[in-house]
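Residue-level listing of the chains:
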Amino acid sequence: MEEQDDLVVRAAKLLQELGGSTRGADIRVDKKIPIGGGLGGGSSNAATTLVALNCLWDTGLSTDQLAEAGLTLGADVPVFVRGFAAWGEGVGEQLEPVKLPEDWNLLIYPNVPVATAQVFNAPALERATPRVTLDDFRQGRCRNDCEPVVRQICPEVAAALDWLNTRAKARLSGTGASVFAAFPERDQSARLLRELPAKWQGFVAKGCNRSPLMERLALEKG
């Protein structure tokens, strides 16, 4: 990837422009989640860059301004900028805070990336699904329209979903390629992780309703 295409670099340069800052920064990304896994890694990196440099450079942009700027970098950047669990509408910028169970999630990456553009451009993608509300979601009256398409174009993701579905309620993360299941206790997800076929990557992650970055900034502001 060229430097100018990296979301972290683009976010820093965007903040320089919007905040009128001439300051710089040395940024190191220690990436632990798989590329192309559908877990929002690039977007969260961009959001962290915007929020952290806004503080370090003292550019004074509001959270609303940062979220608006983040939307130009990616549809899911605003939710990471705001740093809370949310129900999203529009293209991802209309966010309603929600409080979810902070479950322990088993995530599986079947070592095959899925291109979002390929899924969105697929003729088989359902494009007439009625609007889903937050209440629909809470009652389980919703589905991921991308899943049938991803199953068709990526058999390895389909295999991971099928494997996990025999043990828990499996879900596709966005357009994939990662799949996941939530458990109330860490031991449950860790036990299943030990059964994971060696051909796939997996890890356990705890859900949180508030970003650790926001918690840290709140502590520093005192």
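Each remark here, short or long, concerns the structure printed above.
Note that this is a predicted model, so its numbers are computed, not measured.

Colleague: What is the right way to look at the nonpolar core in this model?
Modeller: Generally speaking, a soluble globular protein has its nonpolar side chains buried in company with each other. Judged by nonpolar contacts, the single largest core of 26 residues is most densely connected at Ile108, Val114, Val150, Val157, Trp163, Leu164 and Val179. Put simply, the parts of the chain that give this core at least two residues each are strand E3 (104-109), helix H7 (146-153), helix H8 (155-165) and strand E5 (179-183). A total of five residues in this core trace back to one element, the largest contributor, which is H8. Dropping the residues within four chain positions of it, Val114 is found in contact with Gly36, Val119, Val150, Cys154, Val157, Thr175, Gly176 and Ala177. The next biggest cluster of nonpolar side chains, apart from the first, holds 19 residues, and it includes Leu14, Leu15, Val51 and Ala69.

Colleague: Explain the packing of helix H2 (residues 41-56) against helix H10 (residues 212-221) here, please?
Modeller: The angle between the axes and the distance between the axes are what describe a pair of packed helices. The N-to-C vectors of H2 and H10 enclose an angle of 10°; their axes lie 11 Å apart at closest approach. Relative to H10, the element H2 lies roughly parallel. In this structure, H2 uses Thr48, Val51 and Cys55 to contact H10, whose residues at the interface are Leu213, Met214 and Leu217. Looking at the contact of H2 with H10 residue by residue, the classes come out as five nonpolar, one polar and no charged.

Colleague: Looking at this structure, I do not really get the environment of Trp200. What am I missing?
Modeller: The residue Trp200 is located in the loop between helix H9 (186-193) and strand E6 (201-206) in this model. Here Trp200 falls in the buried class, since its relative accessible area comes to 7%. Along the primary structure Trp200 and Val77 are separated by 123 residues, whereas in three dimensions their C-alpha atoms are 28 Å apart. In contact with Trp200, other than residues within four places in its own chain, are Ile108, Tyr109, Pro110, Asn111, Glu156, Ala159, Ala160 and Trp163.

Colleague: Whenever I open this one, the pairing of strand E2 (residues 94-97) confuses me. Can you help?
Modeller: Relative to E2, strand E1 (residues 86-89) runs antiparallel, the two being bridged by four bridges. Of the residues in E2, the one forming a bridge with Trp87 is Glu96. Linking two consecutive strands that pair antiparallel, namely E1 and E2, is a turn of four residues; a positive phi of about 70° is found at Gly90 within it.

Colleague: Before we go on, may I ask you to explain the side chain of Asn209 in this structure?
Modeller: Turning to its location among the elements, Asn209 is positioned in the loop between E6 and H10. Assessed through its relative accessible area of 15%, Asn209 is described here as buried. In terms of polar contacts, Asn209 uses its side chain to reach the backbone carbonyl oxygen of Leu100, at 2.8 Å. Contacts of Asn209, omitting those with residues within four sequence positions, involve Gly83, Phe84, Ala85, Val98, Lys99, Leu100 and Glu102.

Colleague: What is the right way to look at the sheet that holds E5 in this model?
Modeller: Backbone-to-backbone hydrogen bonds pair the strands of a sheet. The strands run either parallel or antiparallel. The antiparallel open sheet is built from four strands, whose spatial order is E4-E5-E3-E6. Both edges of this open sheet fall to strand E4 (171-172) and E6, since each of them pairs with a single strand only. In the sheet, E3 pairs with E6 via six bridges, with the strands oriented antiparallel. Bridge pairing in E6 links Tyr109 to Gln201. In this fold H8 packs onto E3, E4 and E5, with an angle of close to 20° to the strand it touches most, E5.

Rules of the game
- Residues numbered from 1 in each chain as written.
- Predicted model: local features only at pLDDT ≥ 70, side-chain atom pairs only at ≥ 80, totals over all residues.
- Heavy atoms only, no water.
- Core = buried A, V, L, I, M, F, W, Y, C linked by side-chain atoms within 4.5 Å.
- Buried < 20%, exposed > 50% of the residue type's maximum accessible area, 1.4 Å probe, protein only.
- Helix = DSSP H or I, 4+ residues; strand = E, 2+ residues; numbered from the N terminus.
- Contact = heavy atoms within 4.5 Å.
- Axes fitted to C-alpha atoms, helices over the stretch in contact; angles between N-to-C directions.
- Parallel < 35°, antiparallel > 145°, perpendicular 65-115°, else oblique.
- Nonpolar A, V, L, I, M, F, W, Y, C, P; charged D, E, K, R; others polar.
- Pairing = 2+ DSSP bridges.
- Polar contact = N/O pair within 3.5 Å; in protein donor to acceptor, adjacent residues only side chain to side chain.

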